[in-house]
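Coordinate analysis (summary)
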Amino acid sequence: MPKFPSPDDVGEKLIRPHIENGQTERQSSEYHASRADALRLLGLNRDYNMLAEEDMAKYLPSLERRKAYENIETTTNPRKPKIRQKQGIVSELLKNRELPEGVLISYPTVYLGPGTDIEYPLALGSRKIIMVDPILRSPEIQRQILDRVKLLTDKDAAINNDDIVFDFNFGSGEETVTIKLDPRMYDPESVETKDKFILPPEIGMVLGFASQGPSGHIKFGDEIKNRVVEGGVILNEDCLTIKNLQTQEWETKQLGHEMLAD
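Since this is a predicted model, take the numbers as computed values, not measurements. (Residues numbered from 1 in each chain as written. Predicted model: local features only at pLDDT ≥ 70, side-chain atom pairs only at ≥ 80, totals over all residues. Heavy atoms only, no water.)

**Observations concerning helix α8 (residues 139–153)**
With 15 residues, α8 should cover 21 Å at 1.5 Å per step; its first-to-last C-alpha distance of 21 Å lies within 8% of that length. Every buried residue of α8 is listed here: Ile141, Ile145, Leu146, Arg148, Val149, Leu152 and Thr153. In an axial view of α8, the angular spread of the buried residues amounts to 155 degrees, which keeps them on one side of the axis. For α8, the secondary structure elements touched by its buried residues are α4 (63–70), α7 (119–124), β5 (128–132), β6 (159–160), β7 (163–169) and β8 (174–182). Of the residues flanking the end of α8, it is Asp154, one or two places downstream, whose phi is positive at about 65 degrees. (Helix = DSSP H or I, 4+ residues; strand = E, 2+ residues; numbered from the N terminus. Expected span 1.5 Å × (residues − 1). Buried < 20%, exposed > 50% of the residue type's maximum accessible area, 1.4 Å probe, protein only. Arc of directions from axis to C-beta. Contact = heavy atoms within 4.5 Å.)

**Examining the pairing of strand β9 (residues 203–208)**
The element β9 is largely enclosed, with a buried count of six among its six residues. Alignment of strand β4 (residues 109–112) against β9, held across four bridges, turns out to be parallel. Within β9, the residue paired with Thr109 across the bridge is Met205. Note: β9 against strand β12 (residues 228–236), five bridges, orientation parallel. Within β12, the residue paired with Met205 across the bridge is Val233. (Pairing = 2+ DSSP bridges.)

**As for unusual backbone geometry**
At the junction of Asn77 and Pro78, the peptide bond is cis and its omega measures out at -5 degrees in the coordinates. By secondary structure assignment, the location of Pro78 is in the loop between α4 and α5 (79–95). Backbone geometry at Asp154 places phi at a positive 65 degrees, although glycine is not the residue there. Structurally, Asp154 can be placed in the loop between α8 and β6. Judged by its relative accessible area of 58%, Asp154 falls in the exposed class. Residue Asn161 is not a glycine yet carries a positive backbone phi of 55 degrees. By secondary structure assignment, the location of Asn161 is in the loop between β6 and β7. The class of Asn161 is exposed, set by a relative accessible area of 74%.

**As for the sheet that holds β4**
Pairing in this open sheet of nine strands is mixed, and the strands run β6-β7-β8-β5-β4-β9-β12-β13-β14 from one edge to the other. Unpaired on one side and paired on the other, β6 and β14 (250–254) mark the two borders of the sheet. Judged from the four bridges that link them, β12 and strand β13 (residues 239–243) form a sheet pairing that is antiparallel. Within β13, the position partnered with Val233 by the bridge is Ile242. Across the sheet, α8 lies against β5, β6, β7 and β8, angled at about 15 degrees from β7, the strand it touches most. (Axes fitted to C-alpha atoms, helices over the stretch in contact; angles between N-to-C directions.)

**Section: the pattern of salt bridges**
Applying the stated rule across the entire model yields 18 salt bridges. Its salt-bridge partner being Lys95, residue Asp55 comes within 3.5 Å of it at the nearest N-O pair. With Asp55 in the loop between β3 (46–47) and α3 (56–59) and Lys95 in helix α5, the pair connects residues that are 40 residues apart, well separated along the chain. The pair formed by Asp55 and Lys95 is uniform in burial state, with each residue classed as buried. Across the pair Lys253 and Glu98 runs a salt bridge, and its minimum N-O distance is 3.1 Å. Placement of Lys253 in strand β14 and of Glu98 in the loop between α5 and α6 (101–106) is noted, with a sequence separation of 155 residues between them. On the basis of relative accessibility, which here comes to 18%, the residue Glu98 falls in the buried class. Beyond isolated ion pairs, a larger network of salt bridges with shared partners links Glu53, Arg66 and Glu70. (Salt bridge = Lys/Arg side-chain N within 4 Å of Asp/Glu carboxyl O.)

By themselves, these are just geometric observations and shouldn't be taken as functional.
Put into structure tokens, the structure is as follows:
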């Protein structure tokens, strides 16, 4: 049977074109243009200021938090480049101190469409996490999440009334983390309330990464902005949105930098 390339293979070849007979296909202007378009379409045309090994102890000051960073997951293809993108986002936000730690301690992080990826919000510093995804009603998915908690903490956890509560060291000793599993869909355009996730009145951070709803990509609009507390943030893909406290206007900053043409 023919062996087709995986999405990961495709992503890797786009980023690192193969060399044949001493030349790369990038020397062709037509190939270069199509490659740039493909990278942009996949959201892989940006690079990030990654944490170096010597930075780890400063910005991920506990074994558990470093494990969270290293085990960030995604179901978005191509997986390996997308995982690196998530890690790059965490790296830049921690280095630039752009996340309000006090807000993430006191208010929930709402993660839309997370799959089983508990590690991303933990690496960012979230203590109260609401995971919103219809797949979370699956007993197998729930088991996978419990396994991921144990991988990070070396302790067994359990689900009680859709909550997982465990101790986690973010760098200043053990703190209580609560993960609420909500197997509904966030659909801001629907007036139906059945199986629709309703945003809590106060949110510290709204988190999204290729988040999908019934109508396609979820729009992070006014309904979300109106629930984010003062000092809170919206992190959708690699775009960080924060309200300017002087102008009261929402401002968006794109993380990373566009890769230079080779």
